[in-house]
Amino acid sequence: MTPDRKPSWILVPLGLLGGLALIVFISLVAYRPDRPVATIVPGSSSGPAFVVQIIRPRLGLPLGGILPPQLFGLEAHLGFDSQSAGASIGSVDPRRIALGADNWELVLVLDGDGRVSTETRVAFELMFEGRLIGMQCQPADPAIGTLTVSALAETGELSGRFDIEVRNCENAETGEPLTWPTTPLVLHGSFDRLPLNN
């Protein structure tokens, strides 16, 4: 007697399901959307430099970030730096730093106790529900995150880094709250040799 064999029609769906599970596992382990960019080392830049990134939660991406966001018409990475078009440095002092670029505006603020203030905000454009809108996001109250600022001894220029959760987002044009993100975005970045305002 020969042992019973399962019909091939059962094996094919099981194989497809196993292949899909393998793809999901690899994407969750190996592919990390919005991997944080490297931090600029204080004093390492030849002139003013900065890098700013919005790290989106997986739940804020189509299919939980299993596939690259650009396949769905979204930016591969959200952010700007000192080499971006329209890059600018606004007011700079130890408690308030303003940076920008085309379609980007960032204001980092420390309160009187040296903690991240709820006045910190970031404005940018994003595809939301099929259309490009301007968004403005701020931390919750109290703010969660860190902003460290130090002055270079030889010049007094400011260097630092930040990782700040921004939870409250609104349509910059109408002021209406947005339902996205359902979990906080992380505002991540660093800066070097920013000149103090005179």
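Let me sum up the structure you'll find in this document.

Conventions and cut-offs
Residues numbered from 1 in each chain as written. Predicted model: local features only at pLDDT ≥ 70, side-chain atom pairs only at ≥ 80, totals over all residues. Heavy atoms only, no water. Helix = DSSP H or I, 4+ residues; strand = E, 2+ residues; numbered from the N terminus. Pairing = 2+ DSSP bridges. Axes fitted to C-alpha atoms, helices over the stretch in contact; angles between N-to-C directions. Salt bridge = Lys/Arg side-chain N within 4 Å of Asp/Glu carboxyl O. Buried < 20%, exposed > 50% of the residue type's maximum accessible area, 1.4 Å probe, protein only.

1. Quick look at unusual backbone geometry
Reasoning step 1: With an omega dihedral of 5°, the bond running from Asp141 to Pro142 counts as a cis peptide bond.
Reasoning step 2: Relative to the elements of secondary structure, Pro142 occurs in the loop between strand 7 (131-138) and strand 8 (145-151).
Reasoning step 3: Backbone geometry places Asn103, a non-glycine residue, at a positive phi of 65°.
Reasoning step 4: Tracing the backbone shows Asn103 in the loop between strand 4 (96-101) and strand 5 (104-109).
Reasoning step 5: Notably, Arg193 is not glycine yet its phi reads approximately 55°, a positive angle.

2. Brief notes about the sheet that holds strand 11 (residues 185-194)
Reasoning step 1: Strand order in the open sheet formed by five strands is 2-1-11-9-8, with antiparallel pairing between adjacent strands. Looking at the sheet topology across the chains shown, the edges are occupied by strand 2 (78-81) and strand 8. On average, each strand axis in the sheet is inclined to that of its neighbour by 5°, with strand direction left out of account.
Reasoning step 2: As defined by bridge partners, strand 8 adjoins strand 9 (residues 158-166) across seven bridges and the pair is classed as antiparallel. Within strand 9, the residue paired with Val149 across the bridge is Gly160.

3. Re the pattern of salt bridges
Reasoning step 1: Tallying each qualifying case throughout the model produces five salt bridges.
Reasoning step 2: Where Glu157 meets Arg193, a salt bridge forms, and the shortest distance between an N and an O atom there is 3.0 Å. Of the two residues, Glu157 sits in the loop between strand 8 and strand 9 while Arg193 sits in strand 11, which places them 36 residues apart along the sequence. We note that Glu157, like Arg193, is buried.
Reasoning step 3: One continuous salt-bridge network, built from bridges that share partners, spans Glu154, Glu157 and Arg193.

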